[in-house]
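Here is what each chain is made of, one letter per residue.
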Amino acid sequence: MQLFNMIGGEQMMPREMRFLENINPATGQRISHIPRSGLSDVDEAVGAAQVAFQVWSRMAPNARADVLDKVANRIEERQEEFALAESRDNGKPISLARQVDIPRAIANFRFFAGAVRHDSTGCHMMADALNYTIRKPLGVVGLITPWNLPLYLLSWKAAPALAMGNVVVAKPSEMTPTTASLLAEVFTEVGAPKGIFNVIHGLGAEAGGPLVDHPGIKAISFTGGTSTGATVAQTAAPQFKKLSLELGGKNASIVFDDCDFEKTVAGVTRAAFLNQGQVCLCGSRILVHRKVYLRFVDALVERARKMVIGDPFAEGTELGALISLEHRQKIESYIDYAVTDGGSVLTGGSRPMMSEEFVHGAWLKPTVIADLDVECRASTEEIFGPVAVVHPFDTEEEAIEIANGVEYGLAASMWTSNVTRAHRLSAQLDTGMVWVNTWLHRDLRVPFGGVKNSGVGREGGRFSLEFFSEQQNICVYLGE
């Protein structure tokens, strides 16, 4: 299969006619060739978007919302095709793509269509004047999205950007390109104005870098690793572009002795290993009150051992492949660090036996490691894989100190039946989000983002509408 860039509503080959291989990480087999784009392709996409902006930005909000609803409806009609593509690109179980990734993308477009229809801004009366605020689109915005939740996160950015009257140039991960191309097809199928949604495939340095640096790009919304985010910020900040960075995480799941034990074990296991642990929000640091520590760890290990690893397309598969062999090697190096630092691998830590079809895939068992110092590398650095470390604690103060003792501050979960404790301690966590007795329970209206090395800015609901627009106050003098 050959994928193309989508520029101005047309499928385009890269100017330099260079291509990359898209590999299925479950089998090691090639899925497709994709463009290896460069500056000339970015220039062409930005130019097409600038032309489209003159049409799209002048459309009424309700008309733009109608287009987003049509996009949502068309994705829903092609939902199985999208799920298959997402599973094949990513190695994740197709059940996860069907239940989470694709439904969430549909919801994103419908939510922001509704949000822009019902958006309101401020009006402030003075004795002799009327002040009112309007939102104005920025222009062409660049969206750079990662490989772990490809369509989910692309739609999370594209929907509010378009709702506010902007036009988009998207650079998806070169490792998971297919659903971005399918989404571009959908915009054409529903009759959206040509050029409002453009897709450039390629490597980060060769396509993403020129996109961030391009003078025609007015804002960048980036989701990815912290080190890459720093590079994006260094490029965009001197040009005074609006910038939203959703970066890494090393999130704590804090388990108290008064929790609902069985529900907590199930919830914490899910938080540690969903999508093979390749979610920035995963709870990979599990802190357990010493009174229930041994019992909880035994139950966690038992659940992890029973997780079904296998064919991503098979019903009942709970864990698929990692994104690549290189990423598996990185994760395995952290397991080695943990053992060197005195850690005990309670389960996992090795590659599963796979059938011939999958023997060349990037497979790894879910891994639980205990007996580590809370400051060692495996306990403080983002691994981004199916590896969880467990630590006991004795007091609330100790739990908060361990949870906050990392450079990241994206999310945390707390598991307790004491509501007063939940409110009090949640406010003490240095994170952008806290879940109590649940995990990854998302309301699209609330702010999403982190603190410290987990990012800058917030998206979601009105926060996305504000990011993808400029607010202008108009003061009308009414006379004496």
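Residues numbered from 1 in each chain as written. Predicted model: local features only at pLDDT ≥ 70, side-chain atom pairs only at ≥ 80, totals over all residues. Heavy atoms only, no water.

*Asks:* Any details on the state of the cysteines? Residues and values, ideally.
*Replies:* Per the counting criterion, the structure on display carries 0 disulfides. Left without a disulfide partner, Cys123 is nearest to the cysteine sulfur of Cys475, which lies 11 Å away. Distance from the sulfur of Cys280, which forms no disulfide, to the nearest cysteine sulfur (Cys282) is 8.3 Å. A residue is classified by how much of its surface remains accessible, and Cys280, at 11% relative accessible area, is buried. (Disulfide = S-S within 2.5 Å. Buried < 20%, exposed > 50% of the residue type's maximum accessible area, 1.4 Å probe, protein only.)

*Asks:* Residues and numbers for unusual backbone geometry, please.
*Replies:* Phi is positive for Phe240, which is not a glycine, with a value near 60 degrees. Relative to the helices and strands, Phe240 is located in the loop between helix 8 (226–236) and strand 11 (242–246). Taking relative accessible area as the criterion, Phe240 reaches 76% and is therefore assigned exposed. Backbone geometry places Asp371, a non-glycine residue, at a positive phi of 65 degrees. (Helix = DSSP H or I, 4+ residues; strand = E, 2+ residues; numbered from the N terminus.)

*Asks:* Tell me what's going on with the nonpolar core, and back it up with residues and numbers.
*Replies:* Membership of the largest hydrophobic core comes to 119 residues, with the highest contact counts inside it found for Phe197 and Leu281. Here this core gets 11 residues from one element, more than from any other, and that element is helix 4 (residues 94–117). Those residues within four positions of Phe197 in sequence are excluded, and the remaining contacts are Met6, Leu154, Ala158, Val168, Ala170, Ala180, Leu183, Ala184 and Phe187. With 14 residues, the next largest nonpolar core counts Ile331, Ala338, Leu364 and Ile383 among its residues. (Core = buried A, V, L, I, M, F, W, Y, C linked by side-chain atoms within 4.5 Å. Contact = heavy atoms within 4.5 Å.)

*Asks:* Go over the side chain of Ser324, please, and point to the residues and values.
*Replies:* Summarising the element assignment, Ser324 is placed in the loop between helix 10 (293–306) and helix 11 (325–340). If we ignore the near neighbours within four places in the chain, the residues touching Ser324 are Pro25 and Ala362.

*Asks:* Any chance you could break down the packing of aromatic side chains for me, citing the residues and the numbers?
*Replies:* Summed over all chains, the structure comprises 11 aromatic pairs. Taking the centre distance of 6.4 Å and the plane angle of 75 degrees together, the rings of Trp156 and Phe448 count as edge-to-face. Note that Trp156 is positioned in helix 5 (residues 150–163) and Phe448 in the loop between strand 19 (433–436) and strand 20 (451–452), a separation of 292 residues in sequence. Residue Trp156 shares its accessibility class with Phe448, and that shared class is buried. With 4.8 Å between their ring centres and 80 degrees between their planes, Phe467 and Phe468 make a pair best called edge-to-face. Across this residue pair, the class does not change: Phe467 and Phe468 are buried. Linked through ring pairs, Phe111, Phe112, Trp156 and Phe448 together constitute an aromatic cluster. In this arrangement the basic side chain of Arg104 is found over the ring face of Trp156, its NZ or CZ atom lying 4.9 Å from the centre. Residue placement shows Arg421 over the ring face of Phe256; its charged tip is 4.2 Å from the ring centre. (Phe/Tyr/Trp six-rings, centres within 6.5 Å; stacked < 30°, edge-to-face > 60°. Lys NZ or Arg CZ within 6 Å of the ring centre and 35° of its normal.)

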